[in-house]
Amino acid sequence: EAGVTQFPSHSVIEKGQTVTLRCDPISGHDNLYWYRRVMGKEIKFLLHFVKESKQDESGMPNNRFLAERTGGTYSTLKVQPAELEDSGVYFCASSQGLSYNEQFFGPGTRLTVL
Amino acid sequence: AQSVTQPDIHITVSEGASLELRCNYSYGATPYLFWYVQSPGQGLQLLLKYFSGDTLVQGIKGFEAEFKRSQSSFNLRKPSVHWSDAAEYFCAVAPNYGGATNKLIFGTGTLLAVQP
């Protein structure tokens, strides 16, 4: 069974540009989470989808971040326009069924904003 | 606000030595507690979790952790470290476990290096 995959693995962009990160959860997992780790800091929750609906987006930093999960399968996280402080590693996780089941994490996308 | 503290940013141990990674949490009730490990180029992998019951929990790869309510701690231990254990370890809390969302609150991580 394939795990959680994320694309790209690395992205380097200029300040003001747009970047879209993609996450493919484990097949059949209704719950999809986005987290972010800024250099040297803790991993922080961004938002939680249940199927295609946003269950909790309390961790989204501001309106430059837009997450979607069309059809309840893969998810995208768009940053527009990117700022220097958006640099970090963005992790995606998915879990099956009830929200308290184990979250399986992807390898992350390392975003660098210059 | 809930928080997780991992006081050791970087630890180096010799192969075969014992290991203890510290984790303290700040939360009103007893939260649900987790340890994750991230090896280079990999996603976070769950080592073990504590929900209730026996305060000593066993995990994968020979790891165990002990929940101590009086100290608000959930330290991770391994009796004999292997070179393959070199990785970054994260303690996490789920303050709303079983609720509508299961967001995790993480510590800053402890990077473990293993000397031959």
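Rules used in this analysis
- Residues numbered from 1 in each chain as written.
- Chains lettered and ligands numbered in written order.
- Predicted model: local features only at pLDDT ≥ 70, side-chain atom pairs only at ≥ 80, totals over all residues.
- Heavy atoms only, no water.
- Buried < 20%, exposed > 50% of the residue type's maximum accessible area, 1.4 Å probe, protein only.
- Helix = DSSP H or I, 4+ residues; strand = E, 2+ residues; numbered from the N terminus.
- Pairing = 2+ DSSP bridges.
- Axes fitted to C-alpha atoms, helices over the stretch in contact; angles between N-to-C directions.
- Polar contact = N/O pair within 3.5 Å; in protein donor to acceptor, adjacent residues only side chain to side chain.
- Contact = heavy atoms within 4.5 Å.
- Phe/Tyr/Trp six-rings, centres within 6.5 Å; stacked < 30°, edge-to-face > 60°.

**Some words on the pairing of strand β6 (residues 44–50) of chain B**
Residue and element names in this part refer to chain B.
Then, in step 1: Of all seven residues that make up β6, five are buried, and the element is covered over most of its length.
Then, in step 2: Here six bridges tie strand β5 (residues 32–38) to β6, and the two strands are oriented antiparallel to one another. Opposite Tyr36, over in β6, you have Leu46 as the bridge partner.
Then, in step 3: With antiparallel pairing between neighbouring strands as the criterion, β5 and β6 make up a hairpin whose turn holds five residues, including Gly41 at a positive phi of roughly 75°.

**Examining the sheet that holds strand β7 (residues 65–68) of chain A**
All names here are of chain A.
Then, in step 1: With antiparallel pairing, four strands are arranged side by side in an open sheet as β1-β3-β8-β7. Of all the strands in the sheet, the pair left with one neighbour each is β1 (5–7) and β7. Mean inter-strand twist for the sheet, computed between neighbouring axes without regard to direction, equals 15°.
Then, in step 2: The pairing of β7 with strand β8 (residues 75–79) spans four bridges and is classified as antiparallel. By the bridge assignment for β8, Leu66 is matched with Lys78.

**Quick word on the side chain of Glu64(B)**
Residues and elements named next belong to chain B.
Then, in step 1: As for its position among the elements, Glu64 is in strand β8 (residues 64–68).
Then, in step 2: A polar atom in the side chain of Glu64 sits 3.2 Å from the side chain of Gln58.
Then, in step 3: Not counting residues up to four positions away in its chain, the partners in contact with Glu64 are Leu48, Leu56, Val57, Gln58, Asn75, Leu76 and Arg77.

**Here's the deal with the packing of aromatic side chains**
The geometry of an aromatic ring pair comes down to the distance between the two centres and the angle between the two planes.
Then, in step 1: Enumeration according to the criterion identifies 16 aromatic pairs over all chains in this entry.
Then, in step 2: With centroids separated by 5.9 Å and ring planes inclined at 75°, the aromatic side chains of Tyr35(A) and Phe45(A) adopt a geometry described as edge-to-face. Highlighted residues: Tyr35(A) in strand β4 (residues 31–37) and Phe45(A) in strand β5 (residues 43–50), separated in sequence by 10 residues.
Then, in step 3: Relative to Tyr36(B), the ring of Phe34(B) has its centre 6.4 Å away and its plane inclined at 35°; by these criteria the two rings are tilted. Taken as a pair, Phe34(B) and Tyr36(B) share a single burial class, namely buried.

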